[in-house]
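Remarks on the overall topology
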Amino acid sequence: MSYCKQEGKDRIIFVTKEDHEAPSNAELVEDDPNDPYEDHGLILPSGEINWNCPCLGGMASGPCGQQFKEAFSCFHYSTEEVKGSECIEHFRGMQECMQKYPELYPQEDENESGPSGGDDTAPAEPSNTDAASVPDSSVDEVTVAGTENAATS
Amino acid sequence: ILTRLLNCSSDPPPASAMSPVEPALPEVPEHAPYLLIGGGTASFAAARSIRARDPGARVLIVTDEADLPYMRPPLSKELWFSDDPSVTETLRFKQWNGKERSIYFQPPSFYVSPRELQTVENGGVAVLMDRKVTHMDVRGSKVKLSDGTEISYDKCLIATGGVPRNLQVIERAGEEVKKRTTLFRKIEDFRALEKVSRELKSITIIGGGFLGSELACALGRRSADLGLEVVQMFPEKGNMGKVLPEYLSNWTTEKVKKEGVTVLTDAVVKNVSYKDGKVQIRMKDGRVVKTDHVVAAVGLEPNVELARSAGLEVDSDFGGYRVNAELQARANIWVAGDAACFYDIKLGRRRVEHHDHAVVSGRLAGENMTGADKPYWHQSMFWSDLGPDVGYEAIGIVDSNLPTVGVFTKATAKDTPRAVTELSGTGIRSESETEAVAGAVAGAVAGAAGAPAPPPQQKEDYGKGVIFYLRDKVVVGIVLWNVFNRMPIARKIIKDGEEHADLNEVAKLFNIHDD
């Protein structure tokens, strides 16, 4: 059973697991999905890509940001049967750029430790390391991250 | 070849490597479309935001430090826990999960040289180090550096952070005391203190807040190996006395003591002198501490040196530059980070000195500098770890003067910062909030049965829980005590700003018994 004590202006409640079993009756305000102030995940309500999404890490802002944006935009808007199939050149351009900055975009696989300089975002690292491999997987990584990020905001 | 040249920041490239394009360009660009004054966390976050939103943006960061942008929290935490003896050189550290990273946000190859900034294809971020902006001419949209060089701008961010405060009694105590006193803020302070910790026998920290307590715990943990006495003193009744309600502050103090620190509470320093080879600290109640070195962790003085020349307003209540909800001071001038006193639509005007706020406000400033016009809305958070076994995260106004309601349960071995970073796979706990994907983290935590971790050392009473801080019956602040990865729900409750009749019901939303 829970019990309470008061120390001056501070109230302290101790609860057991059973005390918290019943669902909460606290009411939360319904969120407005179109709130212009809210942060968004990878995809904005308009359908555009949110290049400033923390989930992308430094991908859109670094030295290869332009190439990354071109490749990913192409993929995002692609309506081909095999999505992104017309974007190979863009991804090649991105890969070429990234190879010039091995410190920022390491070419090892995920099991090794992250980029030596340190992009400051852990989830971006998988997409960094995948960037040199098949385009689909790097984009899926980012998309999955973005979707979940949107769910939390 | 050009990319190799771009890697030399402000040093001129060797003559043999120079291409025909080089010689005409001055070291410092005459104009920067985006000028960021200050090279810390807020500035870097803004640079990243600008580059993400404005393709090809040319961003110039001007900093008086000799270092590229880096994050501060590890300077008083993770770097001290590293086993690597070369950590003071590399500034890299391994986390609990084995992942290694640097405190620098990006390695040198990320940046372009200031010399190239105006011409490099696709733009970039350049960092001009060892330069101080001494004068700002708002009418002319330009700044002047300490060496007289002028840089004009289109949009300017002031992210000058602050300078550690000192005690007046130390300022007046003379050179022998002052040279044995550290005001801790930068990489060089970390290096100096680390050296001191190995060479001297006694260090006394004055200040009982975040920085003082973290340094005390970090040094305390080494004290046995180093044969080092660590003393911490402060005027409050317990560690974090201005932040945590008294019962929790007392609990925290006991934890700090267990880390090997001699804690002196209710200690007001009356004078400091150097006598018989020791620094002598005399308190108002007559107690005396004799020590070899002092760390003063008594707050931060926001840097508003440009206010006068720029004609910018300084806030008299909180200090810092006064800006609106969109972080704007005047047309084309924004302020972010420690130096920004901003209007928070939900919580009122405030100034926040935490890492995540620097990231959030820096990002927002960058967005607004590229045309967004968004107010401060995503509430930043902060955290503190007292070693690997106990930690808390917090959000909003967390002031111990406010009435609080704390809901607690018992902790298990899984409820420690170490366990959390192992499970989430994130290197630093700041990443698990600001940047990581909550879904992935929650999944990892859920699958964590039987994660190996030492049993936490804590009193039974306050194992883990949630503490609500109230102002006019509305929750304005929340501390998550040994409860991790719940920040989104905490943020939501503050955003709602509702009156809740029963806070225990609100506490249920956190599922503190799970994990």
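Just so it is clear, the model here is predicted, and its values are computed rather than measured.

With that settled, the discussion passes to the interface of chain A and chain B. With 58 residues of chain A in contact, the opposing surface of chain B contributes 68 residues. Interface area, chain A with chain B, both sides summed: about 5,500 Å², of which 52% is carbon and sulfur. At the boundary of chain A and chain B, one finds five salt bridges. Residue B:R363 is joined to A:D39 by a salt bridge in which the shortest nitrogen-to-oxygen separation is 4.0 Å. Counting across the interface, chain A meets chain B through 30 residue pairs in polar contact (both at pLDDT 80 or more). Broken down by secondary-structure element, the contributors of at least two residues to the side of chain A that touches chain B are β1 (3-7), β2 (10-14), α1 (65-77) and α4 (135-152) of chain A. Of the residues forming the side of chain A that touches chain B, the biggest block, five residues, is contributed by β2(A). Split by residue class, the side of chain A that touches chain B holds 21 nonpolar, 17 polar and 20 charged. With five bridges joining them, β2(A) and strand β26 (residues 404-409) of chain B adopt parallel strand pairing.

All names here are of chain B. Across the sheet, three strands lie side by side as β19-β22-β23; this open sheet has mixed pairing. Edge positions in the sheet fall to β19 (321-322) and β23 (348-351), since each has one partner strand and no second. By the bridge criterion, two bridges tie β19 to strand β22 (residues 340-344) in an arrangement that is parallel. Residue Y321 lies in a different strand from β22, and its bridge partner there is A340.

A few words on a positive patch on the surface. A surface patch of positive charge is lined by B:K270, B:K275, B:R282, B:K284 and B:K290. Here B:K290 shows up in strand β16 (residues 288-291).

On to the side chain of B:K492. Following the sequence through the fold, B:K492 ends up in helix α14 (residues 487-496). Within polar-contact distance, the side chain of B:K492 engages the side chain of A:D31 at 2.8 Å. Sequence-distant contacts of B:K492, that is, excluding residues within four places in its chain, are made with A:L28, A:V29, A:E30 and A:D31.

We now examine the confidence of the model for chain A. Where the model shows low pLDDT, its predicted coordinates should not be examined in detail. Considering every residue of chain A, the mean pLDDT works out to 72; 69% of them sit at 70 or more. Below pLDDT 50 for its whole length, residues 110-153 of chain A participates in 103 contacts with residues either more than four positions away or in separate chains.

Helix-helix packing is characterised by the crossing angle of the two axes and by the distance between the axes. Residues and elements named next belong to chain B. The interhelical angle for the contact between helix α6 (residues 187-199) and helix α7 (residues 210-226), taken along N-to-C directions, is 30°, at an axis separation of 10 Å. Viewed along their axes, α6 and α7 adopt a mutual orientation that is roughly parallel. Between α6 and α7 the crossing geometry is right-handed. Judged by residue contacts, L193, E194, S197 and R198 of α6 engage L215, L219, R222 and L226 from α7. For the contact of α6 with α7, the per-class residue count stands at four nonpolar, one polar and three charged.

So, on to the pairing of strand β6 (residues 133-137) of chain B. All names here are of chain B. As paired strands, β6 and strand β7 (residues 142-145) are joined by four bridges and run antiparallel to one another. Within β7, the position partnered with H135 by the bridge is K144. Following β6, the chain reverses through four residues before pairing antiparallel with β7; S141 in that reversal takes a positive phi of roughly 50°.

On to the side chain of B:R180. Residues and elements named next belong to chain B. Structurally, R180 is set in the loop between α5 (175-178) and β10 (181-183). A polar atom in the side chain of R180 sits 3.0 Å from the side chain of Y274. Setting aside its immediate chain neighbours within four residues, R180 contacts Y274, V279, D292, H293 and V294.

Turning next to the sheet that holds strand β28 (residues 474-481) of chain B. Reading across from one edge, β1(A)-β2(A)-β26(B)-β27(B)-β28(B)-β25(B)-β24(B) is the order of the seven strands in this open sheet, with mixed pairing throughout. The open sheet has two edge strands, β1 of chain A together with β24 (381-385) of chain B, and neither has a second partner. When the angles between neighbouring strand axes are averaged without regard to direction, this sheet yields 20°. The pairing of strand β25 (residues 391-396) of chain B with β28(B) spans five bridges and is antiparallel.

Rules and cut-offs
Residues numbered from 1 in each chain as written. Chains lettered and ligands numbered in written order. Predicted model: local features only at pLDDT ≥ 70, side-chain atom pairs only at ≥ 80, totals over all residues. Heavy atoms only, no water. Contact = heavy atoms within 4.5 Å. Buried area = accessible area lost by both parts, 1.4 Å probe. Salt bridge = Lys/Arg side-chain N within 4 Å of Asp/Glu carboxyl O. Polar contact = N/O pair within 3.5 Å; in protein donor to acceptor, adjacent residues only side chain to side chain. Helix = DSSP H or I, 4+ residues; strand = E, 2+ residues; numbered from the N terminus. Nonpolar A, V, L, I, M, F, W, Y, C, P; charged D, E, K, R; others polar. Pairing = 2+ DSSP bridges. Patch = residues over 30% accessible without salt bridge, like charges linked within 9 Å, V, L, I, M, F, W, Y side chains within 5 Å. Areas by Shrake-Rupley, 256 points an atom, 1.4 Å probe, with all protein chains shown as cover. Lys, Arg positive; Asp, Glu negative; His and termini not counted. Charge placed at Lys NZ, Arg CZ, Asp CG, Glu CD. pLDDT = per-residue confidence, 0-100. Axes fitted to C-alpha atoms, helices over the stretch in contact; angles between N-to-C directions. Parallel < 35°, antiparallel > 145°, perpendicular 65-115°, else oblique. Left-handed = near helix turned anticlockwise from the far one by under 90°.

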